[in-house]
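# Structure assessment
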Amino acid sequence: MSNQWHFNREYEGIEISFDGKPSEEIRNKIKSAGYRWSARQMKWYTKDTPQSRKVASEIATQGEDVGEHLTFEQKMERDKERTENRQERLGAKAEKLEKRSEDLIDKAHKMASAIPFGQPILVGHHSEGRDRKYRGKIHDTFGKGFETMDEAKEVSQRLEGSQALSRKRETPGYMSRKIDTLETDLRKYEREKGQWQGGPNHIAEWEKRTNSLKEQIAYWKKELGEVGGLKVTPADVKAGDEILYGGTWYEVVRVNPKTVTLKNWMNIPTWTWGAEYSKIKAVRHKEEVAMLPEKQSPPQPFVSTAPDKLVSIVERSNDTDFEKAKLFMSAISHYNTISELMEQ
């Protein structure tokens, strides 16, 4: 078998196989082209690009294509199935390690129960060596039990992280952000189309990338529609409305493409921050807000536990909103402490 490279239709990538270990010069060359080594498959692989094909052709002969072409939807289904299988394996492994940990610790307790409480090692007695060795075994068994327990916790954390990521990918917010990112990339390629006119290979690569982006956008839009779409969109909100965010109603100052700007952050009217549409639970329009009983009475002045001068000092600082919040809470804490001391 001579050195060969293949186009993998399933992964849309280039794979290179060598008879033996390639020279350092060749390894550096393929690494610089983005190739990575797969110890399991014993081959080098990377994405299919004109550059990766050029490098492959220079160091190996082209073989037949491998694998079957998959649509983006089929790839996602394949990845979901693999993720579910991986989660099952992690769950089984964590359960097995937990059981082994319990067995080792129980064994160590039973071994320790053979020694009377408070019984010391009889130094100089013929049983000293055997006793020290037995106590060492107890110590080692406890150690293995706790090490296995830590390993089980680490596997459980990996499982929880994988499950959390799977749940996140099924939320409207994640899908909406994914669509925004893909549409941004697509617009970028469409603006740069003139730069890809250098030859048939270049324009073919441009078409391949833009078609891939369009396919992904269509997939995520379909998925978003199946889960009901975003509950709130920019068309549903306008300045002066109120939104329910994190269990509290806030007034909308400005409507943005991806967020709404809210006022009264940290209960300070002049402070604002942005809330994502995916995290908005409900909207009540300006007209509805005006009819609420609590809105009929004259507005109450802002009351702070610290002097207004303290708030104005924090507002004038050049810090970020997060740093301002920390500064404000620290100032409030010091102010309240001093006030309590003066009252004593």
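Residues numbered from 1 in each chain as written. Predicted model: local features only at pLDDT ≥ 70, side-chain atom pairs only at ≥ 80, totals over all residues. Heavy atoms only, no water.

This paragraph deals with the pairing of strand β2 (residues 13-17). Counting buried residues along β2, five of its five residues qualify, which places the element largely inside the surrounding structure. Burial of the side chains of β2 extends over both faces: Gly13, Glu15 and Ser17 are buried on one face and Ile14 and Ile16 on the other. As defined by bridge partners, strand β1 (residues 4-8) adjoins β2 across five bridges and the pair is classed as antiparallel. In the sheet register, asparagine 8 faces β2, and the bridge partner there is glycine 13. Where β1 folds back on β2, the antiparallel hairpin that results is connected by four residues, among which glutamate 12 adopts a positive phi of roughly 55°. The pairing of β2 with strand β4 (residues 43-47) spans four bridges and is classified as antiparallel. (Buried < 20%, exposed > 50% of the residue type's maximum accessible area, 1.4 Å probe, protein only. Helix = DSSP H or I, 4+ residues; strand = E, 2+ residues; numbered from the N terminus. Pairing = 2+ DSSP bridges.)

Each strand in a sheet pairs with its neighbour through backbone hydrogen bonds, running either in the same direction (parallel) or in the opposite one (antiparallel). Pairing is antiparallel in the open sheet, where five strands are placed in the order β9-β8-β7-β6-β10. Because the sheet does not close on itself, it has two edges, and the strands there are β9 (272-276) and β10 (282-284). Strand-to-strand twist of the sheet, defined as the mean angle between neighbouring strand axes without regard to direction, takes the value 45°. As judged from the three bridges shared by strand β7 (residues 248-255) and strand β8 (residues 259-263), these two strands associate in the antiparallel manner. Looking across to β8, one finds that valine 252 is bridged to leucine 262. (Axes fitted to C-alpha atoms, helices over the stretch in contact; angles between N-to-C directions.)

On to a negative patch on the surface, then. Taken together, Glu77, Glu81, Glu84, Glu88 and Glu170 make up a surface patch of like negative charges. The class for glutamate 170 is exposed, based on a relative accessible area of 54%. (Patch = residues over 30% accessible without salt bridge, like charges linked within 9 Å, V, L, I, M, F, W, Y side chains within 5 Å. Areas by Shrake-Rupley, 256 points an atom, 1.4 Å probe, with all protein chains shown as cover. Salt bridge = Lys/Arg side-chain N within 4 Å of Asp/Glu carboxyl O. Lys, Arg positive; Asp, Glu negative; His and termini not counted. Charge placed at Lys NZ, Arg CZ, Asp CG, Glu CD.)

Turning our eyes to something else, we now look at the pattern of salt bridges. Across all of its chains, the model carries 22 salt bridges by this definition. The salt bridge partner of glutamate 58 is lysine 29, with a shortest N-O separation of 2.6 Å. With glutamate 58 in helix α2 (residues 50-59) and lysine 29 in helix α1 (residues 24-32), this pair connects stretches of sequence that are 29 residues apart. Under the relative-accessibility criterion, lysine 29 is labelled partly exposed at 33%. What you see here is one network of salt bridges that share partners, running through Glu10, Arg78 and Asp79.

Looking at the chain as a whole, its pLDDT mean stands at 85, while 84% of the residues score no less than 70. Counting interchain partners and residues more than four positions distant, the pLDDT-below-50 stretch residues 302-306 has 11 contacts. (pLDDT = per-residue confidence, 0-100. Contact = heavy atoms within 4.5 Å.)

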